[in-house]
Every structure is written in C-alpha cells, then in structure tokens.
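# Observations on chain architecture
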Amino acid sequence: MPAYTTADIRNILLAGHGGCGKTSLADAMLFESKTIGHKGSPATGNSTSDFEKEEKEHKHSIYSSVLHADHAGKRINIIDTPGSPDLVGAAIACLPAVETVAIVINAASGIEVVSRRIWDAAKAQNLPRAIIINKIDSPEINLESLVEKIRQTFGGECLPVNLPAKGGKAVVECLLNTEGEADFDTVRRCHAAMLDSIVEMDENLMEKYLGGEEPDYNALHAPFEKAMDEGHVVPILFTDAKSGAGVVELLDAIAKHFPSPEEGNPEPFMIGEGENEKRYNYNNDVRAPLLAHVFKVTSDPFVGKLAIFRVHQGRVTGQSQIFIGHNKKSIKLGHVFHLQGKDHKEAPEIIAGDIGAVAKIEDIHPNDVLHDDHALDSVHLQALNYPTPMYGLAITPKARGDEQKLSGLLTKIAEEDPTFKWHTDRQTHEVVINGLGELHLRLILEKLANRGLHVDTKPPKIAYRETIQQKADGHHRHKKQTGGAGQFGEVFLRVEPLESDSPHRKSKGGSGLEIVNEVFGGTIPGQFIPAVEKGIHDLIDQGVVAGYPLQDVRVAITDGKHHPVDSKEVAFRTAGKLAFKDAVLKAKPVLLEPIVNMEVTVPEDKMGTITGDLSGKRGRIQGTDILPGGMAQVKAQAPLSEVMQYQSQLKSVTGGQGSFAMELSHYDPVPPQVQQQIAAQYKPKAEEE
Ligand SMILES: Nc1nc2c(ncn2[C@@H]2O[C@H](COP(=O)(O)OP(=O)(O)OP(=O)(O)O)[C@@H](O)[C@H]2O)c(=O)[nH]1
Ligand SMILES: [Mg+2]
C-alpha cells in the first residue's frame, strides 16, 4: 500500500503562456516540499521537469512531464506543460488526468494567448481552476491592476487567497489570517471576500457566519473545494519561482483546499457506441473494477514505449491482468511506476486518483482505456477539443531509401501528438506534414534529425478545399465495347451546396458530403448504387478546380440506365464520378482557403506598422489593446496563405520583440484572381476512361 489514500492525492496541471515560469515553479515545488534535494532550473539545464534533450537545447518545455511532491501528508501530482501556442495540444491531452488546472500568469507580461486558451479549455471540460501569478519579484509591475484585469477577463469568481508582501519578496495568507501587511489591498478585505464566497456552499456555515460566528478554519476544505468545483471560486495565488516566495504557501493551499480525486468534477467517460452511447459514472473506489485512461505515450529510442495513465477507478499492480479497450486478450503489465520527470520508480500499486506509467507494452495507445472487467469494454473518454493543424510543409528524405523509415517515424509522432498530422500528397507524391505553426513543425524536423533522418523541405503548402456555389445537373453515359463483354452505365444526378446549418457540413463536424438516392423505378438497380457513390467519393478527394478535396455538397442521384449484360460495378463507378464532375463544373466551383485568427503582441510604437502590414495581407483588424509594460496587442483575421512566413516578417519589423499566435477560424472563398493563379498551376492527370 502506498502511504497515501485517494483522498490524500491532488492532481494539478500547470499551464500558461511560454516563459511564465511553469517549469521553474514545478522545480521549486519539488524543492520547497523537500521532495528533491536540489532546486533545478530549466535555464541551467538541471530541471527535473524539462529533461528531454530538445528541451535542454531550447530552454523551453516541449512535452508535458509528470512530477510529484509530497507535502503536508498529501501526494501532489504535478503535470508541467509547454506554453508555446504551437504546443498547446500537449496541455489539452493532460486535462483528463487532473482535478485542477492551474493557469500560471507572468506578472510582467499579464494575460497572454495561451492563458486564455487554457482557461477556455479547462472551463469547457468543467474542471476547477486556479490562477498563479508568478514572477512577483519582477521590477516595475503593477499586481493590483493585473488582478483587476484577471477579474475583468475571467470573472469576479477569481479571488486572491494570498497577497504579495515585502515588495514581492513574500506572500501573506488571507483566508486563515485576518491581519497582515500586504503590498496592495488588505488582508482583511481579501479574507472577507473569500469567506463570503465559500460559506455560500454550506447553509449551516452560512447561517453561523451571518450570525457573526468565526468559522472553524480546519473545516473549510469541503466548502472551499466545492466552490472550486462549481466555478464559484477561482483562487488566485502569488509566487516567485526564482526566489521561492509563495511556493510553500501554494503547496499548503493545494494540500488544504484543492479538490482530491474523490471530489472535483468527474471526467466525461462514456459507455456504448453510436445511439447507445451514454455517460459512464465511474466511482473512485479502489475496490471497484479498474478504469484507467492513457493520456500520454512517449517512445524513447533507449527506454522504449512508456504509457502514462491516470487511474479513475479501482487499482492496478504489476501483477494485474488487464484489458485494453475492446481487446479480448488480457495482458500482464509486469511493472507499474510513479514518475518524477525522467525517473520512474517501481510502485507496488497505482490507486484510484493516482497517476502511473507502464513501459514496453506496444499495444497501448494514447486515449486507450485500461480495465479488468469486460463490462467496461466500451468505456471511452469523450473526445477532447484540439485546435486544427493547418500549417503544412512538404518534406522528402535527403537519403534515398529512407521513405519507409520516414513514414514509420511520422506515424509514431502523430500517435503521440494529437495536433500533428501527415499524409502523402496524391498529386505530387510528396509527404506533407501539418502542425499548429512554424515552431511546431521545426521541432518535429529536429526530432526526425535526432533519429538520424534528415529531410529537405519545400515551401509550405496550404490546405485549400473546394466547394460549389449553386445547384446544377450532371450526366454521364459510360459505354465501352471492346471485343467480348462490354461495359455500360448511365447516371443522372443533381448537386447543390449544403445549407449552412446542415449537420453534414465540415464545420459542423460532418463529412462534408450528403448523398441522397432519388432513383425511381430501378433505372439504376439497387446493387449498383454503392458503385455510383464510390465514383462520387473518388472525385471528392480530387476536386475539380485545383486538386483539393471538395466539401459541403449534397448529391441527389436522380436517374440512369442499365444494360442487363454489360452493366457492371466499374461502369457505374466511372459514370457516377464523371456525372458528378459534369455537375460540379456547372455549379460554380470555388477554392476555399483557411482564414486564421491572429493575436500579435508588439511594442506599442510598432502597433501602427503591424496593423498596416496586416491590412496589406488581406487581413481584417478586429481590435487593438494596450498591455502593461509598453506592449500592445493586435487581433486580426487573415488568410493563412498571406501569413505563412509571419514569424520572420514579424521578427524583422520588431527586432525580435514581437510574438504572435494563430489558429484556424474558418474557410472562405479565395478571390477570383488568386483562384485563377492556383488553378493554372494545377495539371490534372488525364482522365482514364
Ligand atoms: N525573476 C523570475 N524569473 C523567473 C521566475 N520563474 C521563472 N523565471 C525565469 O523565466 C524563464 C522561463 O521560465 P520557465 O520556468 O522555463 O517558464 P515556462 O513557463 O516553463 O516556459 P515554457 O516551458 O516555454 O512554457 C527562465 O529564465 C526562468 O529562470 C520567477 O518567479 N522570477
Ligand atoms: Mg516549461
């Protein structure tokens, strides 16, 4: 038995914008709790959390890492995540492993893109949140106005549980204390505000409190964590990871107030499939059947595959016989581990609420559910909402014969990173990789190079799409008579754009294609309809304007002709495809391009240059904002094709002081002259009839 129970566990995800100090804070938490004897730091390369080679080189986190601190009788599992907007997928993947998401905000730069994104993602997942304002020791900062800004942005439920003191060299606790010196505001006021909110969770407590009775401060855990569960309170805490100020107080607050796995809000597990899918209410009892969710898998060329999981129900040991999802064959895990960065320590068992790992089991994949009861075969986690990877690069191995190795490695990387995709382009036969941004793909190329695979890259490719703008009819008669048996099939059909609210639309999560069979009287016999549909699908992948996939089209197959002997599947497939092509060409086909939301942060005096430049790139400015510290933020929408090289453009305009983030907003038709240019470069292969 571990020395702690489920109720003693706290699982915390540290997320927030790059450089706000998450990793330094994680290292400081390990040190201040005396879990680790030295204070590591990402800046000097001895961090417990940033242990991967690439992380040491870049002095930034690139992957999530799992750590733990033992403090005040509690086991605090900490997941440190990377803060670059390009790597936000790593944090989203770990949301189902924790009760609390702590959004770390840099006191010197304020609320940034990733702080907001993680807030939204945690809220959408119904996860209790906390805000940690780090770097409170920085010169020339105004923490009072930052707190005000946080409350304006995220809501009045954000309330300090401690306040900075001694000019950011210390913090003073406000919930348990009523007196004390703070750098701004007063302990008394914060104490009252926090208490006012917490007592609302418990009628008894409220009555006594309103009657003027001091609450029993040792009995505040339940109402405090309940207030966090309901999003009624989001505690704000102050730290300085470098000096250590506020770190013990942070650990104390986590141990005392934050939800344990027995509390918090349940993760959205589902059971069954399709129409029978319903919510699965698990129970964090260690005696119940095992339910563990794999939230991360890494493959190390030396250590091999490591699957990291959170146990939600039951317990697992090295001797446990477990099933992976629907697999009927049970496997023995052999050994289970607790993680401390790169170190894994064999554990006698991993209990409900805890995080553990298992090595070298090839069949385990990210998002798998591990269990020991066939009744749980179909239990799965509701899909997480990841940003769309839309930044593309065409790559070819430098060494001939490395193609096989490349596809093997890319498949592995895509499995580990939900925001990375790759495919082989049908026209050019090049391998195209897609990620969230330039940095994301650069890191992938580095990873390939570290595994001995060097590639040439070509200018980024835009993932255009095609659609139609009006209704049209199409027809094709396929007839071939060569020697013996002939081929015959004739198809009439009609196409029209899908309505904007159709569930089949791509933007609504549909496939982008709806096929309706309106054939009357068997003019196309039922057994050939699937062949016609196949033909339609053939063209969907190829498009008609410039070789990009067609989307948001409804096709009604209306009529046709067959021949008792010569009608064959292949004939109807060809006729279906060409009738569809005929209709699409008459339905005003257009090319659609990805439009991205951009947030650009630059020194205030460069704001005019940036807005002017973006307008020249077919961008639409949506707002500007002055930030603390002489910086300004520009929000805009622009076509991805115009801002593919924004990284280097921004660098040259701002002398390296600017930063930006972008994500897919939607697809829009490209201007006609741009469509002409792209279509002119497209040389379709001759249609083989
Ligand atoms: N003055 C001061 N510097 C800090 C503090 N916390 C972190 N730093 C410094 O800020 C820089 C970034 O810190 P990290 O801990 O790597 O930040 P991070 O949030 O993990 O960054 P990413 O992993 O890139 O998202 C490093 O140089 C740290 O030494 C702090 O509280 N005070
Ligand atoms: Mg980090």
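Residues numbered from 1 in each chain as written. Chains lettered and ligands numbered in written order. Predicted model: local features only at pLDDT ≥ 70, side-chain atom pairs only at ≥ 80, totals over all residues. Heavy atoms only, no water.

### Looking at helix H5 (residues 143-154)
Counted at 1.5 Å a residue, the expected span for H5 with its 12 residues is 16 Å, and the 16 Å between its end C-alpha atoms agrees. Every buried residue of H5 is listed here: Leu-143, Leu-146, Val-147, Ile-150 and Phe-154. Within H5, the buried residues cover an arc of 100° as seen down the axis, which keeps them to one side. Looking at the buried side of H5, the elements it contacts are strand S4 (100-106), helix H4 (113-124), strand S5 (129-134), strand S6 (158-160), strand S7 (162-165) and strand S9 (234-238). Capping the start of H5, Asn-142 holds a side-chain oxygen 3.2 Å from the backbone nitrogen of Glu-144, two or three residues further along. After H5 finishes, the residue Gly-155 shows a positive phi value of roughly 120°. (Helix = DSSP H or I, 4+ residues; strand = E, 2+ residues; numbered from the N terminus. Expected span 1.5 Å × (residues − 1). Buried < 20%, exposed > 50% of the residue type's maximum accessible area, 1.4 Å probe, protein only. Arc of directions from axis to C-beta. Contact = heavy atoms within 4.5 Å. Polar contact = N/O pair within 3.5 Å; in protein donor to acceptor, adjacent residues only side chain to side chain.)

### Some points on the nonpolar core
Val-495, Phe-580, Met-598 and Val-600 are the most contacted members of the largest nonpolar core, which totals 69 residues. Here Met-598 is in contact with Leu-614, Val-634, Lys-635, Ala-636, Ala-638, Val-643, Tyr-646, Phe-660, Ala-661 and Met-662, once residues within four sequence places are set aside. Ranked by size, the runner-up nonpolar core spans 52 residues in total, among them Ile-111, Ala-165, Cys-190 and Val-234. (Core = buried A, V, L, I, M, F, W, Y, C linked by side-chain atoms within 4.5 Å.)

### Some details on the sheet that holds strand S10 (residues 269-271)
Sheet strands associate in pairs through backbone hydrogen bonding, adopting either a parallel or an antiparallel arrangement. Spatial ordering of the open sheet is given by S11-S10-S22, a layout of 3 strands whose pairing is antiparallel. The two strands at the open ends of the sheet, each matched to only one other strand, are strand S11 (278-279) and strand S22 (380-381). Two strands pair when backbone bridges link them, and S10 and S22 are joined in this way by 2 bridges, in the antiparallel orientation. Following the sheet pairing, Met-270 is matched in S22 by His-380. (Pairing = 2+ DSSP bridges.)

### Some remarks on the environment of Ala-463
Looking at the element boundaries, Ala-463 is found in the loop between strand S26 (455-458) and strand S27 (465-467). Expressed as a C-alpha distance, the spacing of Ala-463 and Met-390, which sit 73 residues apart in the sequence, is 6.7 Å. Apart from the residues lying within four places of it in its own chain, the contact partners of Ala-463 are Pro-594 and Tyr-667.

### Section: the packing of aromatic side chains
Aromatic ring pairs are described here by two measures, namely the spacing of the ring centres and the angle between the planes. Going through the model one piece at a time under the given rule, you end up with 6 aromatic pairs. A ring pair is formed by Phe-528 and Phe-572, whose centres lie 4.9 Å apart and whose planes are at 25°; its orientation type is stacked. Here the residue Phe-528 occupies a position in the loop between strand S30 (513-517) and helix H12 (529-542), and Phe-572 occupies one in helix H13 (residues 569-586), the gap between them amounting to 44 residues. Relative to Phe-660, the ring of Tyr-646 has its centre 5.1 Å away and its plane inclined at 80°; by these criteria the two rings are edge-to-face. (Phe/Tyr/Trp six-rings, centres within 6.5 Å; stacked < 30°, edge-to-face > 60°.)

### A word on the sheet that holds S26
Reading across from one edge, S24-S25-S23-S26 is the order of the 4 strands in this open sheet, with antiparallel pairing throughout. Edge positions in the open sheet fall to strand S24 (421-424) and S26, since each of these has one partner strand only. The sheet shows a mean angle of 30° between the axes of neighbouring strands, direction not considered. Contacting strand S23 (391-397), strand S25 (431-435) and S26, helix H11 (residues 438-450) crosses the sheet at an angle of about 20° to S23. (Axes fitted to C-alpha atoms, helices over the stretch in contact; angles between N-to-C directions.)

### Description of the coordination of the magnesium ion (ligand 2)
Bound to the magnesium ion (ligand 2) on the protein side are Thr-23 (OG1) and Ser-61 (OG), at distances that span 1.9 to 2.0 Å. Of the two residues, Thr-23 is situated in helix H1 (residues 22-32) and Ser-61 in the loop between helix H2 (53-58) and strand S2 (65-71); the sequence distance between them amounts to 38 residues. Here the two residues Thr-23 and Ser-61 agree in accessibility, since each one is buried. (Donors = N, O, S within 2.8 Å, 3.2 Å for Na, K, Ca; no water.)

### With respect to the site of ligand 1
In the neighbourhood of ligand 1, 17 residues make up the surrounding shell, with Lys-22, Ser-24, His-60, Ser-61 and Ala-241 lying closest. One of the side-chain nitrogen or oxygen atoms of Ser-24 is found 2.5 Å away from an oxygen atom of ligand 1. Between Asn-134 and ligand 1, the recorded distance is 3.2 Å, taken from a side-chain N or O atom to a nitrogen atom. When ligand 1 is considered free in solution it has 650 Å² of accessible area, and contact with the protein chains removes 84% of it. Taken together, the residues of the shell around ligand 1 sort by class into 4 nonpolar, 9 polar and 4 charged. (Near = heavy atom within 4 Å. Areas by Shrake-Rupley, 256 points an atom, 1.4 Å probe, with all protein chains shown as cover. Nonpolar A, V, L, I, M, F, W, Y, C, P; charged D, E, K, R; others polar.)

### A few points about the side chain of Thr-81
With respect to the element layout, Thr-81 can be found in the loop between strand S3 (74-80) and helix H3 (88-94). Those residues within four positions of Thr-81 in sequence are excluded, and the remaining contacts are Leu-13, Leu-14, Ala-15, Lys-22, Ser-61, Ser-64 and Ala-91.

### Quick notes on unusual backbone geometry
Positive phi, close to 55°, is recorded for Lys-59, a residue that is not glycine. Structurally, Lys-59 is set in the loop between H2 and S2. Located in the positive-phi region is Asn-367, a residue other than glycine, with phi close to 75°. Here Asn-367 lies in the loop between strand S20 (355-359) and strand S21 (369-371).

### Considerations on the environment of Asp-559
Tracing the backbone shows Asp-559 in strand S31 (residues 553-561). For Asp-559, a relative accessible area of 32% puts it in the partly exposed group. Put simply, Asp-559 and Val-519 are 40 residues apart on the chain and 5.1 Å apart in space, counted from C-alpha to C-alpha. Beyond its immediate sequence surroundings of up to four residues, Asp-559 is in contact with Glu-490, Val-491, Phe-492, Val-519, Thr-523 and Ile-524. Here Thr-523 takes part through its side chain, which lies 2.8 Å from a polar atom of the side chain of Asp-559.

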